[in-house]
Amino acid sequence: MPIQVGERLPQVTFRIMTPDGPVAKTTDDLFKGRKVVLVAVPGAFTPTCHRNHLPGYVHKKDEIKAKGVDAILVTSVNDVFVLEAWGKASGAEGIEFLSDGNADFAKAIGLSMDGTGFGLGTRSQRYSMVVDDGVVKAINVEDAPSKAQHSGADNIMKDL
């Protein structure tokens, strides 16, 4: 069963890129004591993710943060190097990218999907959530990976 509003995020380890290279960060490192908008996409550079989903967060970053959000985090089942390149290519300064390379987080929260029919292996479903000190306050899951309506930046503004 997918994670629900009121539940605490499970402990997993992500990889993030730093000036010194990839670094492991736990759920606590990223969410403890912070109000965060977490956005998940099936894959960096894929059409819906690259053209429709991420751009809304890039454009509304300041508006979202003005609502008391400490960080906007984007996660995907891609390696940290791909996510770093995607962030740069998207002009996503001020947005942090979390590599869930083995889909450990997606599986732990019940929001993984089988993309093997498209040659993608296990991926994350597309969603957005508001997380306050590690607890889910709002969650918006798309019913198809090709859609980015419920999980888009305009909709997350309503949850803040």
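Attention in this report is confined to the structure presented alongside it. Residue numbers run consecutively from 1 along every chain, following the written order of its sequence. Local features are withheld for residues below a pLDDT of 70 in this predicted model, meaning they are given only at 70 or higher, and side-chain atom pairs are given and counted only at 80 or more; totals for whole chains, interfaces and linings count all residues. With hydrogens and water excluded, all non-hydrogen atoms of the structure serve as input to the side-chain values.

**Comments concerning the overall build of the protein**
Turning to step 1, where the next piece is worked out: Helix and strand labels come from DSSP, where a helix needs a run of H or I of at least four residues and a strand needs a run of E of at least two; each type is numbered from the N terminus. Within the protein, the secondary structure is distributed over five helices and nine strands.
Turning to step 2, where the next piece is worked out: The N-to-C order of helical and strand elements in the protein reads β-β-α-β-α-β-α-β-α-β-β-β-β-α.
Turning to step 3, where the next piece is worked out: The C-alpha extent of the protein, read off along each of the three principal axes, is 40 × 35 × 30 Å.
Turning to step 4, where the next piece is worked out: Each residue's exposure class comes from its accessible area (1.4 Å probe, protein chains only) as a fraction of the maximum for that residue type: buried when under 20%, exposed when over 50%, partly exposed otherwise. Burial statistics for the protein: of 160 residues in total, 46% are counted as buried.
Turning to step 5, where the next piece is worked out: Contacts are residue-level and defined by heavy atoms, with any inter-residue pair within 4.5 Å sufficient. Counted over contacts in the protein with a minimum sequence separation of 6, partners at least 24 positions apart contribute 62%.
Turning to step 6, where the next piece is worked out: Using the Shrake-Rupley algorithm and a 1.4 Å probe, accessible areas are obtained, with residue cover drawn only from the displayed protein chains. Surface exposure of the protein reaches about 7700 Å², of which carbon and sulfur atoms provide 48%.
Turning to step 7, where the next piece is worked out: Averaging the positions of the 18 positive and the 20 negative side-chain charges in the protein gives two centres separated by 2 Å. In this tally, Lys and Arg are treated as positive and Asp and Glu as negative; His is ignored, and so are the chain termini. Taken as the charge location is NZ of Lys, CZ of Arg, CG of Asp or CD of Glu.

**A word on the pairing of strand β4 (residues 71-76)**
Turning to step 1, where the next piece is worked out: Counting buried positions along β4 gives six out of six residues, so the element sits mostly inside the fold.
Turning to step 2, where the next piece is worked out: Side chains A71, L73 and T75 project from β4 onto one buried face, and the interleaved I72, V74 and S76 project onto a second face that is buried too.
Turning to step 3, where the next piece is worked out: When DSSP finds two or more bridges between a pair of strands, those strands are recorded as paired. Relative to β4, strand β3 (residues 35-41) runs parallel, the two being bridged by six bridges. By the bridge assignment, V37 is partnered in β4 with I72.
Turning to step 4, where the next piece is worked out: With four bridges joining them, β4 and strand β5 (residues 96-99) adopt parallel strand pairing. For V74, the partnering residue across the bridge sits in β5 and is F97.
Turning to step 5, where the next piece is worked out: Seen with the strands pointing away from the viewer, any crossover whose path from the first strand over the helix to the second strand runs clockwise is right-handed. Taking the sense of rotation as the criterion, the β-α-β connection linking β4, helix α3 (residues 80-89) and β5 turns out right-handed.

**Regarding the pattern of salt bridges**
Turning to step 1, where the next piece is worked out: The rule for a salt bridge is simple: a side-chain nitrogen of Lys or Arg has to be within 4 Å of a carboxyl oxygen of Asp or Glu. If you walk through the whole model with that rule in mind, you get four salt bridges.
Turning to step 2, where the next piece is worked out: Here R34 ties to E96 by a salt bridge, and the two come within 3.3 Å at their closest N and O atoms. On the criterion of sequence distance, the pair formed by R34 in the loop between α1 (27-31) and β3 and E96 in strand β5 is long-range, its members being 62 residues apart.
Turning to step 3, where the next piece is worked out: Assessed through its relative accessible area of 29%, E96 is described here as partly exposed.
Turning to step 4, where the next piece is worked out: E84 serves as the salt-bridge partner of K88, at 3.4 Å between the closest nitrogen and oxygen. A residue pair is termed a helical-turn pair when its members lie 3 or 4 positions apart in one helix, as K88 and E84 do in helix α3 at four residues.
Turning to step 5, where the next piece is worked out: Accessibility expressed as a relative area gives 62% for K88, which makes it exposed.
Turning to step 6, where the next piece is worked out: Residue E84 is classed as partly exposed on the basis of its relative accessible area, which comes to 29%.

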